[in-house]
Amino acid sequence: MKKILILPGDGIGPEIVAEAVKVLDRLKADGLSVELEQGLVGGSAYDAKGHPLPEDTLAQAREADAILLGAVGGPQYESLDRPLRPEQGLLGLRGELKLFSNLRPAILYPQLAEASTLKTEVVSGLDIMIVRELTGGIYFGQPRGVRTLDNGEKEGFNTLVYRESEIERIGRSAFEIAQKRGKRLCSVDKANVLEVTELWRQVMLRLASDYPDVELSHMYVDNAAMQLVRAPKQFDVMVTTNLFGDILSDAAAMLTGSIGMLPSASLDADGKGMYEPIHGSAPDIAGQGVANPLATILSVAMMLRYSFGQSEPAERIEAAVGKVLDQGLRTPDIAAEGQASVGSAEMGDAVVAVL
Ligand code: NAI
Ligand code: MG
């Protein structure tokens, strides 16, 4: 029996996670062998326990086979000291559980082609996967800080550092995903300027001989940003550093025009993972019951596929999402102007009904 830790978090988190739990309950009734447990993270954990990642949440997370997280954060927590802010709950889980491989698919549902700001022919059929290194690079490198120079001027500094072993494990993760998809992997770096990413490129080249069925290419990050907007369908899987991946994956997500539709996975070396929508806690619509639950529901599909090796129920969920879109159901974020919309619960119920 697999154990799933459910962490609703803040803002719209509880509303969207409730719909994903309905989907899990439906699959359980069909024989999926999982047990669910609830926990606290983010601002709501701070409110209840004084810390965004309480000890008992961390213990639950270590115990679990997979984690489903809603979102964390909100304006009421912005004045807290940095270590107590909701985001520390997320960063803490990623770091403590060594979730180094962040998978962010950008898929355009044909039913939502109009939602993209790009021309339909540029994005129709878009299906790319960005693999972002998540526990290293400039977000974690030491030394870091702000110091005062002799002349009194302040100087800020962060360190971009990657070991070969860190590059190799994210590289293998990406090659393996490419093997299961279109067998093309584009490694994004800045090898012309940054020594670290020259090493990155060398490691990717070395790994390529272990994956002869995958076609490896390299691209500088500035060009990759340009190509993502110019002709995104040229990509299958992209692999890159923490910072470059943060930026490129947000750009790729927006090609699809619908922040409420995109799931993500963050995996460790053994396939344990944390699954969450890519959007945040949307305080502007929290409590109204109108948030789009589909990104969270699609995150459950990723969980089944990547942590539990169950692609059949994963595909069932993805097909059900396509079906409710075919039926014309739209939450306000994906509704065309003037089109009637439904709330979170109605959308979740519709997915369960198709299942
Ligand atoms: P956001 O993603 O929460 O919201 C951006 C816009 O998209 C808002 O207008 C929101 O209403 C809309 N939106 C987001 N998810 C939606 C959904 N499922 N259905 C319909 N509309 C949706 O980003 P924002 O506003 O920059 O941040 C709000 C809070 O969330 C902040 O405290 C931020 O730190 C936190 N955040 C948390 C993340 C996480 O938990 N992984 C990621 C990004 C931000
Ligand atoms: Mg980001």
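Keep in mind it's a predicted model, so treat the numbers as computed, not measured.

## Description of the overall build of the protein
Assigned secondary structure in the protein consists of 12 helices and 12 strands. Against the globule reference of 20 Å for 355 residues, the protein gives a C-alpha radius of gyration of 20 Å, in line with a compact fold. Seen through its C-alpha atoms, the protein measures out along the principal axes to roughly 60 × 50 × 45 Å. The contacts in the protein between residues at least 6 apart in sequence include a share of 74% that link residues at least 24 apart.

## Focus: the UniProt feature "binding site: Mg(2+)" (unreviewed entry) in the protein
The UniProt record marks Asp-222, Asp-246 and Asp-250 with the feature "binding site: Mg(2+)" (unreviewed entry), using the residue numbering of this structure. Relative to the helices and strands, Asp-222 is located in helix H8 (residues 221–230). On the secondary structure map, Asp-250 appears in helix H9 (residues 242–255). Judged by the 14 C-beta atoms lying within 10 Å of it, Asp-250 is partly exposed.

## Overview of the site of ligand 1
Near ligand 1 lie 23 residues; those nearest to it are Gly-73, Gly-260, His-279, Gly-280 and Asn-292. Residues of the shell around ligand 1, tallied by class, amount to 11 nonpolar, 8 polar and 4 charged.

## Some words on the pairing of strand S5 (residues 127–133)
Most of S5 is tucked away, with 6 of its 7 residues classed as buried. Here strand S4 (residues 101–107) runs beside S5; their pairing, made up of 7 bridges, is antiparallel. Counted as the bridge partner of Arg-104 is Ile-130 from S5. Here S5 runs beside strand S10 (residues 237–240); their pairing, made up of 4 bridges, is parallel. Bridging from a neighbouring strand, Met-129 pairs with Val-237 of S10.

## Examining the nonpolar core
The biggest cluster of nonpolar side chains holds 98 residues, and the ones touching the most others in it are Ile-67, Leu-68, Val-131, Met-238 and Val-300. It is helix H10 (residues 294–306) that provides the largest number of residues to this core, a total of 10 residues.

## Topic: H9
With 14 residues, H9 ought to run about 20 Å at 1.5 Å a step, and its terminal C-alpha atoms sit 20 Å apart, in line with that. Regarding H9, the residues found buried are Asn-242, Phe-244, Gly-245, Leu-248, Ser-249, Ala-252, Ala-253 and Leu-255. The buried residues of H9 occupy an angular sector of 150° when the element is viewed end-on, so they sit on one face. Where H9 is buried, its residues contact S4, helix H5 (120–123), S5, strand S8 (184–189), H8 and S10. Taken from the residues just after H9, Gly-257 is the one with a positive phi, measuring 75°.

## So, the environment of Leu-149
Among the secondary structure elements, Leu-149 is positioned in the loop between strand S6 (145–148) and strand S7 (154–157). According to the C-beta neighbour criterion, Leu-149 is exposed, with 8 such atoms within 10 Å.

## Some points on unusual backbone geometry
The step from Gln-142 to Pro-143 runs through a cis peptide bond, and the omega angle for that step is 0°. With respect to the helices, strands and loops of the structure, Pro-143 is situated in the loop between S5 and S6. You will see that Lys-98, though not glycine, has its phi angle at about 50°, which is positive. A positive phi is found at Lys-183, a non-glycine position, where the angle reads about 65°. As for its placement among the helices and strands, Lys-183 is situated in the loop between helix H6 (164–180) and S8.

## Observations regarding the UniProt feature "domain: Isopropylmalate dehydrogenase-like" (unreviewed entry) in the protein
Here, the residues flagged by UniProt with the feature "domain: Isopropylmalate dehydrogenase-like" (unreviewed entry) are residues 3–351. Within the segment residues 3–351, helix and strand shares are 40% and 19% respectively, and the terminal C-alpha atoms sit 23 Å apart.

## Some remarks on the environment of Ala-286
In this fold, Ala-286 is placed in the loop between strand S12 (273–277) and H10. Ignoring sequence-local partners within four residues, the contact set of Ala-286 consists of Gly-11, Ile-12 and Ser-281.

## A few points about the environment of Asn-192
On the secondary structure map, Asn-192 appears in the loop between S8 and helix H7 (195–208). As for Asn-192 and Lys-272, which are separated by 80 residues in sequence, their C-alpha atoms are 35 Å apart.

## Let's talk about the packing of helix H11 (residues 311–326) against helix H12 (residues 344–354)
Between two packed helices, what matters for the description is the angle formed by their axes and the separation of those axes. Closest axis-to-axis distance for the H11/H12 pair is 9 Å, and the angle between their directions is 120°. Regarding H11 and H12, the two cross each other, and that crossing is right-handed. Where H11 abuts H12, its residues Ala-320, Val-321, Lys-323 and Val-324 lie against Met-347, Ala-350, Val-351 and Val-354. Here the residues of the contact of H11 with H12 sort into 7 nonpolar, no polar and 1 charged.

Cut-offs used in this document
Throughout, a residue's number is its position along its own chain's written sequence, starting from 1. All chains are assigned letters beginning with A, and all ligands numbers beginning with 1, in the order in which they are written. Local features in this predicted model are restricted to residues whose pLDDT is 70 or higher, and side-chain atom pairs enter the listing and the counts only when it is 80 or higher, whereas totals over whole chains, interfaces and linings include all residues. Numbering of helices and strands starts at the N terminus; helices are DSSP runs of H or I of at least 4 residues and strands are runs of E of at least 2. Throughout, the radius of gyration refers to the C-alpha atoms, and the reference size of a globule is 2.2 Å times the residue count to the power 0.38. By definition, residue pairs are in contact when their C-beta atoms, positioned from the backbone, come within 7 Å. UniProt positions are given in the numbering used here, feature names are shortened, and annotations may be inferred rather than shown by experiment. Residues with at least 20 other C-beta atoms within 10 Å of their own are called buried, those with 12 or fewer are called exposed, and the rest are partly exposed. The C-beta atoms themselves are positioned from the backbone. For each residue, a C-beta atom is placed from the backbone, and the residue counts as near a molecule or strand when that atom lies within 6 Å of it. For this classification, Asp, Glu, Lys and Arg are treated as charged, while Ala, Val, Leu, Ile, Met, Phe, Trp, Tyr, Cys and Pro are nonpolar and the rest, including Gly, are polar. Strands are treated as partners if at least two bridges between them are detected by DSSP. To form a nonpolar core, buried Ala, Val, Leu, Ile, Met, Phe, Trp, Tyr and Cys residues must be joined through C-beta atoms within 7 Å. Here a helix's expected span is defined as the number of its residues, less one, multiplied by 1.5 Å. Think of it as the arc spanned by the lines of direction from the helix axis to the C-beta atoms. The axes used here are C-alpha line fits, helices contributing only the stretch in contact, and every angle between their N-to-C directions lies in the interval 0 to 180 degrees. The crossing is said to be left-handed when, going from far helix to near helix, the turn is anticlockwise and less than a right angle, and right-handed when the turn is clockwise.

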